[in-house]
Amino acid sequence: MTENCPDVVAGFPEWWEPVHQKYKLFFECAFRLQPIVNEMISTPVGGHLLMIVGHTLAAAANSYAAILTLVLNGFGFDAVRIARSIYEAELNVLWLKNHPEDVDDFLDYNIIQQKQYYDAMDAEQQKAISKERVEEMMREYDRVLPRFASSRDKTRPRNEWCKVSIWERAKGAEAYWNKQLEADGLAGKSVSLYKAFYRPASSMHHLDIAGIIAHMDSEMNAHMAPCWEYLEDALVATGSLLRIASYFDELAGLGLGDRLGTGPIASYVEACGKL
């Protein structure tokens, strides 16, 4: 005789209320942010830069909702791994905001990716693609390759769209944030998110030895959900989404800065201050 499986098994409902009560202001931030983001992404915009940033904001907002779902169910380790992607998205958006001349590189790197996908196919898969489509792809690839050529081998593309490494973009972002804090009378209040968050979060994402160690408690037992470990780290890291929304508002001239500042950003700042 087999045991019947419940119709739905997902998460830990008994955790929802305790987690929500402990981090109520972070969830208030999300509640206040949702209608603003909905308004932002439903507003028509023109030009490649605004379209890229708008779609990035929409994707990051979905990831934000996923983080909150994981946090409510005590999956802090996995929530941090998703928060890492929002931080990367913020670095891309801020770089394009400050270097709009690189928008074509952001777009055209997809041609490099298409060629890489084609090369990864086996012979039968490649045969399914028309000769005309392959020839068109190669013409486009040859056109853009010089812009993306590796410094060590001009016949091979570099590993990412931007000519500047993510570390350099992170340093630039931190300098930008520090100027903003100085303007707000909060000089010296920032930390290096690249060193304090992104590097350990990357280890958690890739499960290298540092990531595996991060998944252990002091007795070398695994942090299995539900648990309180890393919930705060994930929630604090969601500040990247608020900044992406602010960048988009500024670039598109939407005039929503005051609503962001007095609404979700105020809740977020208060939430962080209470940790």
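Residues numbered from 1 in each chain as written. Predicted model: local features only at pLDDT ≥ 70, side-chain atom pairs only at ≥ 80, totals over all residues. Heavy atoms only, no water.

Draft legend 1. Expanded view of the pattern of salt bridges. Applying the stated criterion across every chain, the model contains 15 salt bridges. For the salt bridge of R81 with D78, the shortest nitrogen-to-oxygen distance reads 3.1 Å. One end of the pair, R81, and the other, D78, are both in helix α4 (residues 76-98), three residues apart, so they sit about a helical turn from each other. In this structure, the salt-bridge partner of K131 is E135, at a minimum N-O distance of 4.0 Å. Of the two residues, K131 and E135 both sit in helix α7 (residues 131-148), four residues apart, roughly one turn of that helix. (Salt bridge = Lys/Arg side-chain N within 4 Å of Asp/Glu carboxyl O. Helix = DSSP H or I, 4+ residues; strand = E, 2+ residues; numbered from the N terminus.)

Draft legend 2. How the structure looks around the packing of aromatic side chains. On inspection of all chains with the given rule, the structure shows 13 aromatic pairs. Taken together, a centroid distance of 6.0 Å and an interplanar angle of 75° make the contact between F26 and Y268 edge-to-face. Placement of F26 in helix α2 (residues 24-42) and of Y268 in helix α14 (residues 264-273) is noted, with a sequence separation of 242 residues between them. The buried category is assigned to Y268, whose relative accessible area is 13%. With a centroid separation of 5.5 Å and an interplanar angle of 40°, the aromatic rings of Y87 and Y198 are classed as tilted. Of this pair, Y87 sits in helix α4 while Y198 sits in helix α9 (residues 193-206), and the two are 111 residues apart along the sequence. (Phe/Tyr/Trp six-rings, centres within 6.5 Å; stacked < 30°, edge-to-face > 60°. Buried < 20%, exposed > 50% of the residue type's maximum accessible area, 1.4 Å probe, protein only.)

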